[in-house]
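Architecture and fold: a report
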Amino acid sequence: MYAQLVKSEGKSKAELTPEDHAFQARIDAGEKIEPKEWMPEGYRKTLIRQIGQHAHSEIVGQLPEGNWITRAPTLERKQILLAKVQDEAGHGLYLYCAAETLGVSRDELLEKLHSGDMKYSSIFNYPTLTWADMGAVGWLVDGAAIMNQVPLQRTSYGPYSRAMIRICKEESFHQRQGYAIMMKMANGTPEQKQMAQDALNRLWYPSLMMFGPSDKDSVHSVQSMAWKIKMNTNDELRQKFVDQTVPQAEYLGLTVPDPNLKWNEEKGGYDFSEPDWDEFFNVIKGNGPCNKERLGARVKAWDDGAWYREAMVAHAKKKAARRTVAAE
Ligand SMILES: [Fe+2]
Ligand SMILES: [Fe+2]
């Protein structure tokens, strides 16, 4: 999801130093790069942006679902949704920590999120209107996230790849809980089935957008792929997602809202319509249905938490002072 926004900071061939070549050789040999080791500035910057945007997506992604915790239809659904939303907070934490190993602070990253300098996944700027959306979000949005993140378990930066391993385990639970909701709705009353169909209709194309612009418009992926920061192209992942998801929709008895969707025997995958890329870029620019609300909620949470952060710092200072006195 974050991949859609990442630009690489590659050099031209002539500018490469012996260190750059040695670094690339380590990556080609499948070695992991660890925090204190030498790395090209572009690698570090691209990773900070990618991991930071990924972290922001996790915590902003809590908002559309957190909104449904009080309205979940049963106690069991409420517990499951609570657990999922908490998992997303955990994902945010692992990822901010991974970004911090690259020499940026969490405060700096959050400041950039709040000022609009850094983005989060466009999908979270769409509203969640009914309970069926909780099903469709888990099924499609977490499903697309898994598609993106499973290959990133093999990414070249050690802390990022290790964070991904744990995150992917939890994401697959998220995807299944979403599909379980869809099964219940699709096999329920005609009204419930209609709600499930409506959620699929609204979230299908925004989910396809999560993989980022078409490869022909994505000029920044070559360097990122050489560095193994990005493992697949946007179009490859989108195709995989469609191929996996269409049979799941069929199993639910729901219709994917794309008249051009057709199995293509020759390529061994579905042909499908591209999302509306003008809409995508417009949402990224800040003009989606919920951008202001989402960012407003994050800024408010930061401001409301100021007293707590200050208290923690004061407490840590007191403790340190006490330790100094005891040591004297
Ligand atoms: Fe997550
Ligand atoms: Fe998730």
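Just above sits the structure.
Quick word on the nonpolar core
One finds Tyr43, Ile51, Tyr157 and Trp204 to be the most contacted residues of the largest nonpolar core, which totals 69 residues. At the level of elements, helix 1 (18-28), helix 2 (41-60), helix 4 (75-100), helix 5 (106-115), helix 6 (131-152), helix 7 (158-186), helix 8 (190-209) and helix 10 (234-252) are the ones that each hand at least two residues to this core. Counting residues per element, this core draws most heavily on helix 6, at eleven residues. Core analysis: the second largest hydrophobic core is formed by six residues, Tyr126, Met209, Trp277 and Ile284 among them.

Comments concerning the coordination of the iron ion (ligand 2)
Surrounding the iron ion (ligand 2) are the protein donor atoms Glu88 (OE), Asp142 (OD), Glu171 (OE) and His174 (ND1), at 2.0 to 2.2 Å. Taken together, the four donor atoms surrounding the iron ion (ligand 2) define angles of 87 to 160° at the centre, an arrangement classified as irregular. Between consecutive donor residues of the iron ion (ligand 2), the sequence gaps follow E-x53-D-x28-E-x2-H. Here the iron ion (ligand 2) and the iron ion (ligand 1) are spaced 3.4 Å apart, with Glu88 acting as a shared donor. Of this pair, Glu88 sits in helix 4 while Glu171 sits in helix 7, and the two are 83 residues apart along the sequence.

How each quantity is defined
Residues numbered from 1 in each chain as written. Chains lettered and ligands numbered in written order. Predicted model: local features only at pLDDT ≥ 70, side-chain atom pairs only at ≥ 80, totals over all residues. Heavy atoms only, no water. Core = buried A, V, L, I, M, F, W, Y, C linked by side-chain atoms within 4.5 Å. Buried < 20%, exposed > 50% of the residue type's maximum accessible area, 1.4 Å probe, protein only. Helix = DSSP H or I, 4+ residues; strand = E, 2+ residues; numbered from the N terminus. Donors = N, O, S within 2.8 Å, 3.2 Å for Na, K, Ca; no water. Tetrahedral: all angles 85-135°; square planar, octahedral: opposite > 155°, others 65-115°.

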